[in-house]
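Residues per chain are reported as follows:
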Amino acid sequence: MPGGRLTQQERQQIAVGLADGLAYAEIARRLERPTSTVTREVMRNGGPTSYRADLAHRATERRAHRRKQPPPSGRGTREPARGRDDGAVREYEETFTTLLMRQGLPKMTARVLTCLFTSDTGSVTAADLVHRLDVSPASVSKSVAFLEGQGLIRRQRDAGRRERYVVDDDVWYQSTVASARGTAEVAEIARQGVGVLGRDSPAAARLENIARFSDFMSESILRAADQVRDILHTNPESETAAES
């Protein structure tokens, strides 16, 4: 199985495979590459409908060049390495970003969230994101607004009165709750359609099924989220004291 970076010829084969409607797994099999390699390559470079082999190749070369260049003093700095392999960390960040994009997040938003998730402090400023991701302040602002609206991050002021964007141990719980509430809203709107379209109509029956399914899912997710948070946030010492 070939290793190393994708070649320009391989990228052209990926583009052909996408144009032919092939699944990532089939394209990977023909290249003798892992499916994750093809998936990451496509999602990192525009997605299945916008992927272009030449543009993807040039973008990869630019990224590789940037990695070889030490960042200017005070810009693009990263947290202390803590003995980590910086190249492996960057590769992991790209993998995580690709995963978030496959979950439906726009690329820039996924990059911002990955930056926060992989930060030891779980807290960055807008300037930190601009420097680390090499993007415009406007791109950061738009992504942050979206993430805040989804309950994935929150804002706070530090000692210097600078605004910081924060993720904490509760972030995935809050996001799950927001998603469950959105599902409950689907149920509510679907059920309104039952009365509008006539209870005996096929369309009303379909909407009622959607409403019942959404209600059940929302309630189940909220209940499970509360149970899991209670378990994960339980202090082992307090448990021991209670048992004794």
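No experiment lies behind these values; they were computed from the predicted model shown.

Undergrad: Lay out the overall build of the protein chain in plain terms, naming residues and giving numbers.
TA: Summing up its helical and strand segments, the protein chain has eleven helices and three strands in all. When the helices and strands of the protein chain are read in sequence order from the N terminus, they spell out α-α-α-α-α-α-β-α-α-β-β-α-α-α. Put simply, the protein chain has 244 residues, and 33% of those count as buried. Put simply, 55% of the contacts in the protein chain that link residues at least 6 apart link residues at least 24 apart. Carbon and sulfur atoms make up 52% of the accessible area of the protein chain, which amounts to about 15,400 Å² in all.

Undergrad: Could you give me a rundown of the confidence of the model for the protein chain, with the residues and numbers involved?
TA: Per-chain confidence: the protein chain averages 82 in pLDDT, with 85% of residues scoring 70 or above. Confidence over residues 71-77 falls short of pLDDT 50; this stretch has five contacts with residues more than four positions distant or in other chains.

Undergrad: Before we move on, can you summarise the sheet that holds strand β1 (residues 123-125) with the specific residues and values?
TA: Spatial strand order, β1-β3-β2: three strands in an open sheet with antiparallel pairing. At either end of the open sheet lies a strand with only one pairing partner, and these are β1 and β2 (154-157). Across the sheet, the mean angle separating the axes of adjacent strands is 40° when strand polarity is ignored. Two elements, β2 and strand β3 (residues 163-166), share four bridges in a ladder whose sense is antiparallel. Looking across to β3, one finds that Arg-155 is bridged to Tyr-165.

Undergrad: Can you explain the nonpolar core? Please cite residues and give values.
TA: One finds Leu-113, Leu-129 and Ile-153 to be the most contacted residues of the largest nonpolar core, which totals 23 residues. Those elements that provide at least two residues to this core are α5 (86-102), α6 (107-117), α7 (126-133) and α8 (137-149). Here the element with the most residues in this core is α6; it accounts for five residues. In terms of nonpolar packing, the next biggest core, distinct from the first, is built from ten residues, Leu-6, Leu-18, Ile-27 and Ala-28 among them.

Undergrad: Run through the packing of aromatic side chains, naming residues and quoting values.
TA: This structure, assessed with the given rule, holds two aromatic pairs. Note on Tyr-92 and Phe-96: the rings are 5.9 Å apart at their centroids and 65° apart in plane angle, and the pair reads as edge-to-face. Here Phe-96 and Tyr-92 lie together in helix α5, a separation of four residues that amounts to about one turn. Here the aromatic rings of Phe-96 and Phe-117 are separated by 5.8 Å at their centres, their planes lie at 75°, and the arrangement is edge-to-face.

Undergrad: Outline α8, supporting the account with residue identities and numerical values.
TA: Taking 1.5 Å per residue, 13 residues should reach 18 Å; α8 reaches 18 Å between its end C-alpha atoms and fits that length. On its buried face, α8 sits against α6, α7, β2 and β3.

Undergrad: Quick one: what's the story with the packing of helix α1 (residues 8-19) against helix α3 (residues 35-44), residue by residue and with numbers?
TA: One can describe the packing of α1 onto α3 by two numbers: an axis separation of 11 Å at closest approach and a directional angle of 80°. Classified by the angle between their axes, α1 and α3 sit roughly perpendicular to one another. Counting all contacts with α1, which are made through Arg-11, Ile-14 and Leu-18, the residues of α3 involved are Val-38, Glu-41 and Val-42. Residue composition of the contact of α1 with α3, grouped by class: four nonpolar, no polar and two charged.

Undergrad: Before we move on, can you summarise the packing of α7 against α8 with the specific residues and values?
TA: Viewed as axis vectors pointing N to C, α7 and α8 meet at an angle of 120°, and their least axial separation amounts to 9 Å. The angle between the axes of α7 and α8 places the two elements in the oblique class. Crossing geometry of α7 relative to α8 is assigned as right-handed. Judged by residue contacts, Ala-126, Leu-129 and Val-130 of α7 engage Pro-137, Val-140 and Val-144 from α8.

Undergrad: Requested: an account of the pattern of salt bridges, with residues and values cited.
TA: Throughout the structure, instances matching the rule amount to twelve salt bridges. The salt bridge involving Arg-29 is made with Glu-26; its shortest N-O contact spans 2.7 Å. With a gap of three residues between them, Arg-29 and Glu-26 both fall in helix α2 (residues 24-31), about one helical turn apart. Of the residues examined, Arg-29 reaches a relative accessible area of 56% and is grouped as exposed. For Glu-26, a relative accessible area of 24% gives the class partly exposed. In this structure, Arg-191 engages Asp-215 in a salt bridge whose closest nitrogen and oxygen atoms are separated by 2.7 Å. Taken together, the positions of Arg-191 in helix α9 (residues 171-197) and Asp-215 in helix α10 (residues 202-232) put the pair 24 residues apart, joining distant regions of the chain. By relative accessible area, Arg-191 is classed as partly exposed at 32%.

Quick notes on the rules
Residues numbered from 1 in each chain as written. Predicted model: local features only at pLDDT ≥ 70, side-chain atom pairs only at ≥ 80, totals over all residues. Heavy atoms only, no water. Helix = DSSP H or I, 4+ residues; strand = E, 2+ residues; numbered from the N terminus. Buried < 20%, exposed > 50% of the residue type's maximum accessible area, 1.4 Å probe, protein only. Contact = heavy atoms within 4.5 Å. Areas by Shrake-Rupley, 256 points an atom, 1.4 Å probe, with all protein chains shown as cover. pLDDT = per-residue confidence, 0-100. Pairing = 2+ DSSP bridges. Axes fitted to C-alpha atoms, helices over the stretch in contact; angles between N-to-C directions. Core = buried A, V, L, I, M, F, W, Y, C linked by side-chain atoms within 4.5 Å. Phe/Tyr/Trp six-rings, centres within 6.5 Å; stacked < 30°, edge-to-face > 60°. Expected span 1.5 Å × (residues − 1). Parallel < 35°, antiparallel > 145°, perpendicular 65-115°, else oblique. Nonpolar A, V, L, I, M, F, W, Y, C, P; charged D, E, K, R; others polar. Left-handed = near helix turned anticlockwise from the far one by under 90°. Salt bridge = Lys/Arg side-chain N within 4 Å of Asp/Glu carboxyl O.

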